[in-house]
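Coordinate inspection notes
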Amino acid sequence: MSAPIIDDKARYRPEPSVLTALKSPRILTREVLAGLVVALALIPEAISFSIIAGVDPKVGLFSSFVMAVTIAFVGGRPAMITAATGAVALVIAPVARTYGFDFFIATVLLAGVLQILLAVFGVAKLMRFIPRSVMVGFVNSLAILIFAAQLPQLIGVPWMVYPLVAAGLVVMVLMPRITKVVPAPLVAILIVTAVVVVFAPNVPTVADQGELPRSLPELFIPQVPLTLETLTIIAPYALAMALVGLMESLMTAKLVDDVTDTRSDKTRESWGQGVANVASGFFGGMGGCAMIGQTMINVKASGARTRISTFLAGTFLLILVVVLGDLVGIIPMAALVAVMVMVSVGTFDWHSIMPSTLKMMPKSETFVMLATVAVVVATHNLAIGVVVGVFVASVLFVRRVAHFVTVVRTLTDDGACAHYTVTGELFFASSNDLTTQFEYSHDPDRIVIDMRQSHVWDASTVAALDAIVTKYEQYGKTVELIGMNAYTEQFHARLSGGLG
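Cut-offs and rules
- Residues numbered from 1 in each chain as written.
- Predicted model: local features only at pLDDT ≥ 70, side-chain atom pairs only at ≥ 80, totals over all residues.
- Heavy atoms only, no water.
- Helix = DSSP H or I, 4+ residues; strand = E, 2+ residues; numbered from the N terminus.
- Buried < 20%, exposed > 50% of the residue type's maximum accessible area, 1.4 Å probe, protein only.
- Contact = heavy atoms within 4.5 Å.
- Areas by Shrake-Rupley, 256 points an atom, 1.4 Å probe, with all protein chains shown as cover.
- Lys, Arg positive; Asp, Glu negative; His and termini not counted.
- Charge placed at Lys NZ, Arg CZ, Asp CG, Glu CD.
- Expected span 1.5 Å × (residues − 1).
- Pairing = 2+ DSSP bridges.
- Axes fitted to C-alpha atoms, helices over the stretch in contact; angles between N-to-C directions.
- Core = buried A, V, L, I, M, F, W, Y, C linked by side-chain atoms within 4.5 Å.
- Patch = residues over 30% accessible without salt bridge, like charges linked within 9 Å, V, L, I, M, F, W, Y side chains within 5 Å.
- Salt bridge = Lys/Arg side-chain N within 4 Å of Asp/Glu carboxyl O.

**Comments concerning the overall build of the chain**
If you tally the helices and strands in the chain, you get 21 helices and six strands. If one aligns the C-alpha atoms of the chain with their principal axes, the spans along those axes are about 100 × 60 × 60 Å. Taking all 500 residues of the chain together, 53% fall into the buried category. For the chain, restricting intrachain contacts to residue pairs at least 6 apart in sequence, the fraction spanning at least 24 positions comes to 84%. Summed over its atoms, the accessible surface of the chain is roughly 23600 Å², and 66% of this surface lies on carbon and sulfur atoms. Each charge class in the chain can be summarised by its mean position, and for the 32 positive and 33 negative side chains these summaries are 9 Å apart.

This is the structure we're talking about:
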């Protein structure tokens, strides 16, 4: 019987497809309304991120529009939202502050090119090395950061903000029980805005966050000298931006895969992020990556599943800020804060901190999750937290595996030969103590080391075996290594005697 043929295109085919959504009024309505909710939530955040980066608010807004529309066509994860983000703004802010706007845009363009190159070299495949405990820490720290980002809108504000936020939360809790046709966040925004318009309380609005642009984005070519000096200035920031953007985007894509129980093409998403950043740069945008909070609004709160919602989020954003800027300006920040608080609560993995779960999970897994959360919250950088989490998980794994190697010594009946059986995976962590497991001075003249139940993985182990053989030879004894599997025998033969 011939093996089944796996169609790669079928593996990543989204359900429902864009065509299916366009034919279904119910699905299309859900996608359109989800895109509108995301667009409304993007406005204050894009303005805030522009301020962090040290550029005009329109830079973040136009970047969000261009990236959302672009990624809707070239991205590998349907329904994921890509726009200007705080992580990217923090990384490249020093460029605008020190070298000016043209160097800033040149950095964005180079970061996009680097992301495309990293995608070609298969950086997306590294996602398989991120443990579940790091992923849980990533999700929990994300929820904490989303909530923390709302605190400036909840501290030192008029008292009317609090009942408005509470009202928005109540609407989003009750609305799904009544109907899911209209996204609950959109209903909450409309109701809270209507209350503010009718009763006119003095509360912060979107208009208070910054001036909205009145014109369409234009093509922008940065005027920087094409020299090695320019490259040395922008390259470190561009590389950092590329890595942070890809890491956050791929982690978000994996999160959406889990929420929707579907698969996405991570390689396509990687180069799609690069293309979106290049497009953003050429329209004077600040670049960005996948937005986890807005993606959760789109996928989890609003139920979107296709590229239509992503495309419309960008389109609605442009229409709202350029054409309907005056209307958008009256939306109270309390409504958007309520949406983000609800997203934060829904994103947090509450099961991971239940006493029963903590009691059941290995302490090392819990420690990795907590380490990831602590680093992310301390640095406000999800990428750094993930790197530290993976490092801690790797160290703990190596430490655990290192103790799985055993060496058993037996003597033949006549006592003329010592037989050692080595069991386990041999690599740098487990082989460092290997040389201490042998009775060099007390063994007879002939020694047999049986490797049938072990596997050699690295040069450290070959060096350890060479050291064992050399030490026995110093005592005038002979050593025979037997039972190596094909890979181990070939690897050992190639390196043995040449490691010094």
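**Here's the deal with helix α9 (residues 184–199)**
Relative to the 22 Å expected for 16 residues at 1.5 Å per residue, α9 spans 23 Å between its end C-alpha atoms, a close match to the ideal helical length. Residues of α9 that are buried include every one of Ala-184, Pro-185, Leu-186, Val-187, Ala-188, Ile-189, Val-192, Thr-193 and Val-196, and no others. As for α9, its buried residues are in contact with α3 (25–53), α8 (161–178), α12 (292–301) and α15 (333–347). Positioned one or two residues after α9, Ala-200 has a phi angle of 50°, which is positive.

**Remarks on the pairing of strand β4 (residues 417–426)**
Of all 10 residues in β4, seven are buried; the element is thus mostly enclosed. Relative to β4, strand β3 (residues 406–411) is paired through six bridges, and the arrangement is antiparallel. By the bridge assignment, Thr-410 is partnered in β4 with His-419. Following β3, the chain reverses through five residues before pairing antiparallel with β4; Gly-415 in that reversal takes a positive phi of roughly 70°.

**Points about the sheet that holds β4**
Backbone hydrogen bonds are what pair the strands of a sheet, in a parallel or an antiparallel way. Strand order in the open sheet made by the four strands is β3-β4-β5-β6, with mixed pairing throughout. For this open sheet the edge positions go to β3 and β6 (478–482), each flanked by a neighbour on one side alone. The sheet shows a mean angle of 20° between the axes of neighbouring strands, taken without regard to direction. Of the strands in this sheet, β4, β5 (446–456) and β6 are in contact with helix α20 (residues 459–474), which crosses β5 at around 175°.

**A word on unusual backbone geometry**
At Ala-79, a position not held by glycine, the phi torsion is positive, near 75°. If you trace the backbone, Ala-79 turns up in the loop between α4 (57–74) and β1 (82–83).

**Observations concerning the nonpolar core**
Within soluble globular proteins, side chains that are nonpolar generally end up buried alongside one another. Ile-43, Leu-61, Phe-104, Phe-138, Met-286, Ile-297 and Leu-317 are the most contacted members of the largest nonpolar core, which has 109 residues in total. The biggest single contributor to this core is α3, with 12 residues. Every residue in contact with Phe-104, bar those within four places of it in the chain, is listed here: Ala-53, Val-55, Ile-92, Val-95, Ala-96 and Met-286. Among the nonpolar cores identified, the runner-up in size contains 19 residues, and Val-422, Ile-449, Met-451 and Phe-491 belong to it.

**Section: a nonpolar patch on the surface**
On the surface, a cluster of nonpolar side chains totalling about 910 Å² of accessible area is made up of Ile-191, Val-195, Val-197, Val-198, Phe-199, Ile-319, Val-323, Leu-324, Leu-327 and Ile-330. At five residues, the largest contribution of residues to the nonpolar patch is made by α9. Here Ile-330 shows up in the loop between α14 (325–329) and α15. You can call Ile-330 partly exposed: its relative accessible area is 37%.

**Structural notes on the side chain of Ser-344**
Residue placement: Ser-344 occurs in helix α15. When its relative accessible area of 6% is taken as the criterion, Ser-344 is described as buried. Sequence-distant contacts of Ser-344, that is, excluding residues within four places in its chain, are made with Ala-143, Ile-146 and Phe-147.

Geometric values such as these leave the question of function open.
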